[in-house]
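One letter stands for each residue in the lines below.
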Amino acid sequence: MEEEYLKYICDINLVSYLLLNGLEYRETRINPTNNKLQFYFERSEYLNELIEQFKSSPFKQFSRYQNQVKKVLHTMKR
């Protein structure tokens, strides 16, 4: 089945990192359970390497700070 060859990713920051490193997603879908957008990439060793690099990269640290800023802004709107 084709799904076995695809890996979905919901983290938009990780998707951006993968796109910046030359990977293209194959398709997008909406998860009906949680209504989140899923990006499907072909499984490969390079994909796995980039995911591991992302986990320890400054790009990941930025996304954590970005989420904290979003929370602060959201509470300020109240």
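Keep in mind that this is a model prediction, so the values were computed, not measured.

Colleague: Would you mind showing me how to read the sheet that holds strand S3 (residues 37–42) here?
Modeller: The pairing of strands in a sheet comes from backbone hydrogen bonds and takes either a parallel or an antiparallel form. Ordered by their spatial adjacency, three strands build an open sheet running S1-S3-S2, and the pairing between neighbours is antiparallel. Whereas interior strands pair on both sides, the edge strands pair on one side only; in this sheet they are strand S1 (6–9) and strand S2 (27–30). Between one strand and the next, the sheet's axes are offset by a mean angle of 30°, whatever the strand orientation. Looking at chain direction, S1 and S3 are connected through four bridges and run antiparallel. Pairing of Tyr8 across the sheet is with Tyr40, part of S3.

Colleague: Teacher, can you tell me more about the pattern of salt bridges here?
Modeller: Charged atoms that come close allow side chains of opposite charge to pair. Going through the model one piece at a time under the given rule, you end up with three salt bridges. Salt-bridge contacts for Arg26 lead to Glu42; the nearest nitrogen and oxygen are separated by 3.5 Å. Placement of Arg26 in the loop between helix H1 (12–20) and S2 and of Glu42 in strand S3 is noted, with a sequence separation of 16 residues between them. Owing to a relative accessible area of 43%, Arg26 belongs among the partly exposed residues under this scheme. The partner of Arg29 in a salt bridge is Glu27, and the shortest N-O contact between them spans 2.8 Å.

Colleague: How should the packing of aromatic side chains be read in this particular structure?
Modeller: Each aromatic ring pair is summarised here by two numbers: the centre-to-centre distance and the angle between the ring planes. For the coordinates displayed, the defined rule picks out four aromatic pairs. Ring centres of Tyr17 and Phe54 lie 5.4 Å apart, and the angle between their planes is 50°; on these two criteria the pair is classed as tilted. In this pair, Tyr17 sits in helix H1 while Phe54 sits in helix H2 (residues 45–55), placing the two residues 37 residues apart along the sequence. You'll find Tyr17 and Phe54 in the same group, each marked buried. With centroids separated by 5.0 Å and ring planes inclined at 80°, the aromatic side chains of Tyr25 and Phe39 adopt a geometry described as edge-to-face.

Rules used in this analysis
- Residues numbered from 1 in each chain as written.
- Predicted model: local features only at pLDDT ≥ 70, side-chain atom pairs only at ≥ 80, totals over all residues.
- Heavy atoms only, no water.
- Pairing = 2+ DSSP bridges.
- Helix = DSSP H or I, 4+ residues; strand = E, 2+ residues; numbered from the N terminus.
- Axes fitted to C-alpha atoms, helices over the stretch in contact; angles between N-to-C directions.
- Salt bridge = Lys/Arg side-chain N within 4 Å of Asp/Glu carboxyl O.
- Buried < 20%, exposed > 50% of the residue type's maximum accessible area, 1.4 Å probe, protein only.
- Phe/Tyr/Trp six-rings, centres within 6.5 Å; stacked < 30°, edge-to-face > 60°.

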